[in-house]
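Read off the chains here:
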Amino acid sequence: MTANAWTRWPSREALAREATTRPRRLLGWITRSLVLVVLLWGAFNSSHVRGWGVLGAVAGILLCAAVAWALFRTTLAHRLWPSLALYGILLAIAVAAQAADFRAIALVIWCGCAITALERLPIAAALPVTVVALALYAAVNDDVWLTTLATTAGLALAGYVLRLDAEARGNAQRLLNQERAARAAEAESAALAERARIAREIHDVLAHSLSAQLVHLEAARLLIEGGADRDQILERVVAARGMARDGLAETRQALSALRGDMTPLEEFLSRLVGTADGAEATISGERRPLPAEASQAVRRVAQEALTNVRKHAPGAKVRMRLEYGEEQVTLVVRDSGGSAGELTTSGGGYGLLGMRERAELLGGSLDAGPDDEGFVVTLKVPV
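All chains use their own residue numbering, which begins from 1 and follows the written sequence. Reporting in this predicted model follows two pLDDT cut-offs: at least 70 for local features of residues, and 80 or more for side-chain atom pairs to be given and counted; totals over whole chains, interfaces and linings ignore these cut-offs and use all residues. With hydrogens and water stripped out, all remaining heavy atoms of the structure feed into the side-chain values.

Concerning the nonpolar core
Here is step 1: Counting residues in hydrophobic clusters, the biggest one holds 32 residues, and the most contacted among them are Met-320, Leu-322, Leu-331 and Leu-379.
Here is step 2: Listed by contribution, the elements that provide at least two residues to this core are helix H10 (265-274), helix H11 (292-312), strand E2 (318-324), strand E3 (328-335), helix H12 (351-361) and strand E5 (375-382).
Here is step 3: A per-element tally of this core places H11 first, with 8 residues.
Here is step 4: Aside from chain neighbours lying at most four places away, what touches Leu-322 is Leu-265, Leu-269, Thr-282, Ile-283, Ser-284, Val-298, Val-329, Thr-330 and Leu-331. Within this scheme, the nonpolar core is defined by two criteria: the residues are buried Ala, Val, Leu, Ile, Met, Phe, Trp, Tyr or Cys, and they are joined through side-chain atoms within 4.5 Å. Residue burial is assigned from relative accessible area. The probe radius is 1.4 Å, only protein chains are included, and a residue is buried under 20% of its type maximum, exposed over 50%, and partly exposed in between. Numbering of helices and strands starts at the N terminus; helices are DSSP runs of H or I of at least 4 residues and strands are runs of E of at least 2. By definition in these notes, contact holds between two residues if any of their heavy atoms fall within 4.5 Å.

Quick notes on the packing of helix H5 (residues 80-99) against helix H7 (residues 123-140)
Here is step 1: Geometry is summarised by axes, namely lines fitted to C-alpha atoms with helices restricted to the contacting stretch, and by angles between N-to-C directions that run from 0 to 180 degrees. With their axes 11 Å apart at the nearest point, H5 and H7 run at an angle of 5 degrees to one another. Taken together, H5 and H7 sit at an angle that is classed as roughly parallel. Along its contact with H5, which presents Leu-80, Leu-84, Tyr-87, Leu-91, Val-95 and Gln-98, the element H7 presents Ala-125, Val-129, Val-132, Ala-133, Leu-136 and Val-140. In this scheme, roughly parallel covers angles under 35 degrees and roughly antiparallel covers those over 145, while 65 to 115 is roughly perpendicular and the rest are oblique.

Remarks on H11
Here is step 1: Counted at 1.5 Å a residue, the expected span for H11 with its 21 residues is 30 Å, and the 30 Å between its end C-alpha atoms agrees.
Here is step 2: In terms of residue burial, H11 counts as a mostly covered element, since 18 of its 21 residues are buried. Between the first and last residue of a helix there are one fewer steps than residues, each counted as 1.5 Å, and that sum is the expected span.

Observations regarding the pairing of strand E4 (residues 365-370)
Here is step 1: Pairs of strands are assigned from DSSP output, requiring at least two bridges between the strands. Relative to E5, E4 runs antiparallel, the two sharing 6 bridges. When the sheet's bridge partners are listed, Pro-370 is paired in E5 with Phe-375.
Here is step 2: If you look at the hairpin formed by E4 and E5, you'll find 4 residues sitting between the two strands.

Quick notes on the environment of Val-237
Here is step 1: By the secondary structure assignment, Val-237 is in helix H9 (residues 230-258).
Here is step 2: Between the alpha carbons of Val-237 and Glu-218 there is a distance of 9.7 Å; along the sequence they are 19 residues apart.

Side note on the confidence of the model for the protein chain
Here is step 1: Each residue carries a pLDDT score, the predictor's own confidence in it, on a scale running from 0 to 100. For the protein chain, per-residue confidence averages 78 on the pLDDT scale, and residues scoring 70 or more make up 80% of the total.
Here is step 2: Below a pLDDT of 50 lies the segment residues 342-350, which in the model reaches 13 contacts outside its immediate sequence neighbourhood of four places, other chains included.

Re the sheet that holds E5
Each strand in a sheet pairs with its neighbour through backbone hydrogen bonds, running either in the same direction (parallel) or in the opposite one (antiparallel).
Here is step 1: Strand order in the open sheet formed by 5 strands is E1-E2-E3-E5-E4, and the pairing between neighbours is mixed. With partners counted over all chains shown, the strands left at the sheet margins are strand E1 (279-284) and E4, one partner each. Pairwise comparison of adjacent strand axes, ignoring direction, gives a mean angle of 10 degrees for this sheet.
Here is step 2: Sitting on the sheet, H10 touches E1 and E2, and the angle it makes with E2 is about 175 degrees.
Here is step 3: With respect to the sheet, H11 is in contact with E2, E3, E4 and E5, its orientation differing from that of E5 by roughly 175 degrees.

Notes on a nonpolar patch on the surface
Here is step 1: Patches were defined on residues exceeding 30% relative accessible area and lacking a salt bridge, with like-charge contacts within 9 Å and nonpolar side-chain contacts (Val, Leu, Ile, Met, Phe, Trp, Tyr) within 5 Å. The accessible surface values rely on the Shrake-Rupley method and a 1.4 Å probe; as for residues, cover is taken only from the protein chains in view. Criterion for a salt bridge: a side-chain nitrogen of Lys or Arg within 4 Å of a carboxyl oxygen of Asp or Glu. A cluster of nonpolar side chains, contributed by Val-144, Trp-145, Leu-146 and Leu-149, occupies part of the molecular surface with about 490 Å² of accessible area.
Here is step 2: Tracing the sequence through the fold places Leu-146 in helix H8 (residues 145-225).

Considering the packing of aromatic side chains
Here is step 1: Any two rings among Phe, Tyr and Trp, with Trp reduced to its six-membered ring, count as a pair given centres within 6.5 Å; such a pair is stacked if its planes are under 30 degrees apart, edge-to-face if over 60, and tilted if neither. Counted according to the given criterion, the structure contains 0 aromatic pairs.
Here is step 2: Whether a charge sits over a ring depends on NZ of Lys or CZ of Arg being within 6 Å of the ring centre and within 35 degrees of the ring normal. Sitting above the plane of the Phe-268 ring, Arg-299 keeps its charged end 5.0 Å from the centroid.

Topic: unusual backbone geometry
The general pattern is negative phi for most residues beyond glycine and trans for most peptide bonds.
Here is step 1: You will see that His-78, though not glycine, has its phi angle at about 60 degrees, which is positive.
Here is step 2: Note that His-78 resides in the loop between helix H4 (52-76) and H5.

Here we look at the packing of helix H6 (residues 103-120) against H7
Here is step 1: The geometry of H6 relative to H7 is characterised by a closest axis approach of 8 Å and an angle of 155 degrees between their N-to-C directions. Between H6 and H7, the angle is such that the two are roughly antiparallel. Crossing hand, H6 versus H7: left-handed. In contact with Arg-103, Leu-107, Trp-110, Cys-111, Cys-113, Ala-114, Ala-117 and Leu-118 of H6, H7 contributes Ala-126, Leu-127, Val-129, Thr-130, Ala-133, Leu-134, Leu-136, Tyr-137 and Val-140.
Here is step 2: Partitioned by chemical class, the residues of the contact of H6 with H7 number 15 nonpolar, 1 polar and 1 charged. Left-handed is the label given to a crossing in which the near helix is rotated counterclockwise from the far helix by less than a right angle, and right-handed is the label when the rotation is clockwise. By the convention adopted, Pro, Cys, Tyr, Trp, Phe, Met, Ile, Leu, Val and Ala count as nonpolar, Lys, Arg, Asp and Glu as charged, and the other residues, Gly among them, as polar.

Right, here's the structure in full:
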């Protein structure tokens, strides 16, 4: 046995009642009630007890109960010296009871001290208390020495077995508490992740919508500065209003998608390219439902890529290809290139950066850059 084992207290979970089952708690109350009955019987059954002696015996028993309750609290709080002092009081009460010829009461108190000391104190502190209590018990017990030896050994073994049992229950309770804490932390983490996901979806929808509106509003500003006619300016303003309306609709759609209610990805891409002149979409591979995060990533990248084409290469042809693989889905958006529009410098330029971060969070990748014809955006997301 290591030095730490000699001085280590039983865990608070082992000493408390939380780790005890209801039948075990009921058995404990029955045992304590029987002990109290034995003490009272020992007091009232003594033929020499009369008058004030009865009140004195009852007062002593009540004092023992109060000290035992205080002992439970001090050992639960791992307070060594107050606990040893309370054990000393109990042993002294037992000696006084023996001197007053209350032998049964004295024997019960000594046995109780021996067992509970081994159960609730560090071993180094429990052994002296147990040795003193069992020595007093053996000194007044009138059985043959072999019976007394067997009884004292049995009491010491019972106390140690109760200690081991309490430690086992305490360990189980501690593991249960840790599991509950882990589940609570996991639930909180999932809630935070869901909030971050919702915030990311709303950010991406609004960023795309506002960027598209900015394209048309910037065009309207340039038309006004260039002295264009009213119809051309109105067309851009109406387009910006339509983008705002579409942005609200996309926000609602994103929230619906987060709840698991979304249109098929193929249908979404077909509608998306239908709003752009000269855009087409092709789909290859075995079509199948995608996880919500992967599906949303494909949708947002497709939207952002088309917005960039409108902004940086107006009038360019756009070819969009969605390819289903065994372990990943790939989206390629390629434009034919064109002259840079007047809106090339508008916007903050953070759209593809946000899409790349989204792809990396899912374990995928996003590459964007020029090719032989124009500009190409490639998204790969594991599924």
